[in-house]
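Here's the letter readout for the chains.
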Amino acid sequence: MKTIASITLPAAVQRPQYDRTKLRSRIVHFGFGAFHRAHQALLTNRVLNARGGDWGICEISLFSGDALMTQLRAQDHLYTVLEKGADGNQPIIVGAVSECLNAKLDSLAAIIEKFCEPQVAIVSLTITEKGYCIDPASGKLDLHQPRIEHDLQYPDEPHSAPGILVEALYRRRLRGLGPFTVLSCDNIPDNGHVVKNAVLGMAQARSPELAQWIAEHVSFPATMVDRIVPAATEESLAEISAILGVEDPCAIGCEPFIQWVIEDNFVAGRPEWEAAGAQLVQDVRPWEQMKLRMLNGTHSFLAYLGYLAGFAHINECMQDSAFRSAARRLMLEEQAPTLQISGVDLTAYADSLIARFANPALQHRTWQIAMDGSQKLPQRMLDGIRVHLQREHHWPLLALGVAGWMRYVSGVDDAGKAIDVRDPLVDKIRAIVDTSSEAERVTALLTLQEIFGTDLPQNPVFVDAITDAWRNIAAHGAHGAVKFLLNT
Ligand code: NAD
């Protein structure tokens, strides 16, 4: 079988510039998904290109990915990233992966032992929010999740990510080996804290002494990750094979922009990621807040209002002059003033976001971004609104965004078509929608404390602003409401 490892690739394809035989699995990564391939692994590949070294990655997939990993092995652990810009594409062969293990192809015992090898310095994760098994209400490990219950009963045969991490650390301590750094790269607010809570919660339930050792020796740096990496599709894979001249089922396409801000707190060393453009900082929180409010907050605004107005993709919203100026105004006039970051040119950042959103090569669906709004609204819009309320400033575009979410979850777009609303709170939301009239809808949805807390529904300025925005959309449609607001 021909693979990217066995054929001569076209000259435009960037190939690893370093000696791959030197790689050792010093990073073990959980979750060989789309994002990791185009982000952390790609940046590690860049460091190896720039500096050489032995920082290889062992990829671990627990629940799926056996076909992907069989293929990865067949192509010498090489795969392709296609960076797709408005001005052209750049194919890159990533060589940073040294090996891979999968629960179906290999044994669970082999996976756990991999974490216990002495050279392992970092365990990184992109396992999505649910992989951490955290109870959203308490922010602590959910001891009642079936996988966690299983791991507490059979600690040496764990099935969950927290269970595997704790068992590996337990064995390392027993064998007199040093700890590793646990590096979450999931897009979750305060991800370092989240993974720390998961690991310490599991360790504490096993043995307070083990928990204390972990708390003293293991670090959990927070990260802010940014790059748009849509899931691979038949079309995106076909596009990449046409460029390579051979199929690569492990390939992934993404935008050219990439950002990684990392808290510089590693207990056993790290690659020189700054040589690849990563920012190593003391405190990631201001960066995370900037991204959540300016990028993600505006994405959500465009997703709800854009979807209602009939736009299937974000780049189509950006071709519309009203949506485009509303997005830029939202970023600079309503989100930027609420941030705590200093030393960043926020106008340049906003302009780079507008250019990224407009990239026609990335077909990012408004429906996809609109999903799970109950989990996203607080950090993307409501926290910033609280700042404006305190300062008695106006925030009309944020109000339109929140009202846009309310109309979106009400289930019908501006053309009268039903919306497939996906959200962990969908049953609760549907019950509210079904039992409230249009006139009551805003106050009815504001009873969702998980989203709005208890402060916002009791604040008349907040309730009035959302009600006005709701009426604006009801009267003019989402597109008309955006235009109306820009002209007032
Ligand atoms: P993906 O579906 O391609 O990959 C998810 C990976 O997580 C898979 O390897 C899967 O096996 C693993 N996984 C799922 N549930 C798990 C569990 N319970 N325990 C262990 N592993 C589990 O998704 P993706 O696009 O790679 O996204 C992964 C993470 O990266 C998400 O948290 C996302 O927020 C973040 N992220 C993605 C993007 C993007 O544009 N794709 C951008 C920024 C951040």
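Just so we're clear, the structure is a prediction, and the values are computed from it rather than from any experiment. (Residues numbered from 1 in each chain as written. Predicted model: local features only at pLDDT ≥ 70, side-chain atom pairs only at ≥ 80, totals over all residues. Heavy atoms only, no water.)

**Some remarks on the pattern of salt bridges**
Pairing between side chains of opposite charge can happen when their charged atoms approach one another.
So, step 1. What the rule picks out here adds up to 28 salt bridges.
So, step 2. Glu 167 is the salt-bridge partner of Arg 206, the closest N and O atoms lying 2.9 Å from each other. Of this pair, Arg 206 sits in helix H7 (residues 191-206) while Glu 167 sits in helix H6 (residues 161-174), and the two are 39 residues apart along the sequence.
So, step 3. Three or more residues are tied together by salt bridges with common partners; here these are Glu 113, Glu 167, Arg 171, Arg 175 and Arg 206. (Salt bridge = Lys/Arg side-chain N within 4 Å of Asp/Glu carboxyl O. Helix = DSSP H or I, 4+ residues; strand = E, 2+ residues; numbered from the N terminus.)

**Considerations on helix H16 (residues 396-409)**
So, step 1. Look at H16: 20 Å from first C-alpha to last across 14 residues, which is about the 20 Å you get at 1.5 Å a residue.
So, step 2. Summarising burial for H16: 13 of the 14 residues are buried, a large majority.
So, step 3. At the exit of H16 stands Gly 411, carrying a positive phi of roughly 95°. (Expected span 1.5 Å × (residues − 1). Buried < 20%, exposed > 50% of the residue type's maximum accessible area, 1.4 Å probe, protein only.)

**Points about the domain arrangement of the protein chain**
So, step 1. As far as domains go, the protein chain holds domain 1 (20-281) and domain 2 (285-487).
So, step 2. Placing a centre on the C-alpha atoms of domain 1 and another on those of domain 2 gives a separation of 32 Å.
So, step 3. Counting residues at the interface gives 23 residues for domain 1, matched by 14 residues for domain 2.
So, step 4. Among the residues of domain 1 in contact with domain 2, Pro 189, Met 224 and Ile 228 are the three that bury the most area, contributing 30% of the side total.
So, step 5. The tally of links from domain 1 across to domain 2 stands at two salt bridges.
So, step 6. Arg 356 is the partner of Asp 226 in a salt bridge, and the nearest nitrogen-oxygen pair spans 2.9 Å.
So, step 7. Between the two partners, domain 1 and domain 2, sit seven residue pairs in polar contact (both at pLDDT 80 or more).
So, step 8. For the side of domain 1 that touches domain 2, the element with the most residues is strand S8 (residues 223-226), which contributes four residues.
So, step 9. Taken together, the residues of the side of domain 1 that touches domain 2 break down into twelve nonpolar, six polar and five charged. (Domains from an automatic or database assignment. Contact = heavy atoms within 4.5 Å. Buried area = accessible area lost by both parts, 1.4 Å probe. Polar contact = N/O pair within 3.5 Å; in protein donor to acceptor, adjacent residues only side chain to side chain. Nonpolar A, V, L, I, M, F, W, Y, C, P; charged D, E, K, R; others polar.)

**Digging into the environment of Glu 149**
So, step 1. Turning to its location among the elements, Glu 149 is positioned in helix H5 (residues 146-153).
So, step 2. Residue classification places Glu 149 among the partly exposed residues on the basis of a relative accessible area of 42%.
So, step 3. The spacing of Glu 149 and Met 202 is 53 residues in sequence and 10.0 Å in space, taken between C-alpha atoms.
So, step 4. Here Glu 149 is in contact with Leu 143 and His 144, once residues within four sequence places are set aside.

**Here's the deal with the state of the cysteines**
So, step 1. A complete count under the given rule lists zero disulfides for this structure.
So, step 2. Cys 58 takes part in no disulfide bond, and the closest cysteine sulfur, belonging to Cys 100, lies 7.2 Å away.
So, step 3. Here Cys 254 is not disulfide-linked; the sulfur of Cys 250 is the nearest cysteine sulfur, at 15 Å. (Disulfide = S-S within 2.5 Å.)

**Details of the site of the ligand**
So, step 1. Around the ligand, the surrounding shell holds 18 residues, and the nearest of these are Ala 34, Phe 35, Asp 186, Asn 187 and Val 229.
So, step 2. Thr 126 is positioned with one of its backbone polar atoms (N or O) 3.3 Å from an oxygen atom of the ligand.
So, step 3. Within the backbone of Arg 227, a nitrogen or oxygen atom sits 3.3 Å from an oxygen atom of the ligand.
So, step 4. Protein chains shield 74% of the accessible area of the ligand, which is 830 Å² for the free molecule.
So, step 5. Of the residues assigned to the shell around the ligand, the class counts are eight nonpolar, seven polar and three charged. (Near = heavy atom within 4 Å. Areas by Shrake-Rupley, 256 points an atom, 1.4 Å probe, with all protein chains shown as cover.)

**Here's the deal with the sheet that holds strand S4 (residues 88-94)**
So, step 1. The strand order S4-S3-S9 describes an open sheet built from three strands, whose pairing is mixed. Only two strands of the sheet have a single partner each, and these edge strands are S4 and strand S9 (252-254). Going from strand to strand, the sheet's axes swing by 25° on average, the running direction of each strand aside.
So, step 2. For strand S3 (residues 79-85) and S9, the ladder comprises three bridges, and the chain directions are parallel. Directly across from Leu 82, in S9, lies its bridge partner Gly 253.
So, step 3. Each of S3 and S4 touches helix H2 (residues 40-51); the most contacted strand, S4, lies at about 75° to it.
So, step 4. Sheet contacts for helix H9 (residues 234-244): S3, S4 and S9; angle to S3, the most-contacted strand, approximately 105°. (Pairing = 2+ DSSP bridges. Axes fitted to C-alpha atoms, helices over the stretch in contact; angles between N-to-C directions.)

**Digging into unusual backbone geometry**
So, step 1. One non-glycine residue, Asp 76, adopts positive backbone phi at about 55°.
So, step 2. Mapped onto the elements, Asp 76 comes out in the loop between helix H3 (66-74) and S3.
So, step 3. For Asp 76, a relative accessible area of 43% gives the class partly exposed.
So, step 4. Phi is positive for Asp 372, close to 60°, though the residue is something other than glycine.
So, step 5. Secondary-structure assignment places Asp 372 in the loop between helix H14 (366-370) and helix H15 (373-391).

**What to know about the pairing of strand S2 (residues 55-61)**
So, step 1. Counting buried positions along S2 gives seven out of seven residues, so the element sits mostly inside the fold.
So, step 2. As paired strands, S2 and strand S5 (residues 97-102) are joined by five bridges and run parallel to one another. Counterpart to Glu 59 in the pairing with S5 is Cys 100.

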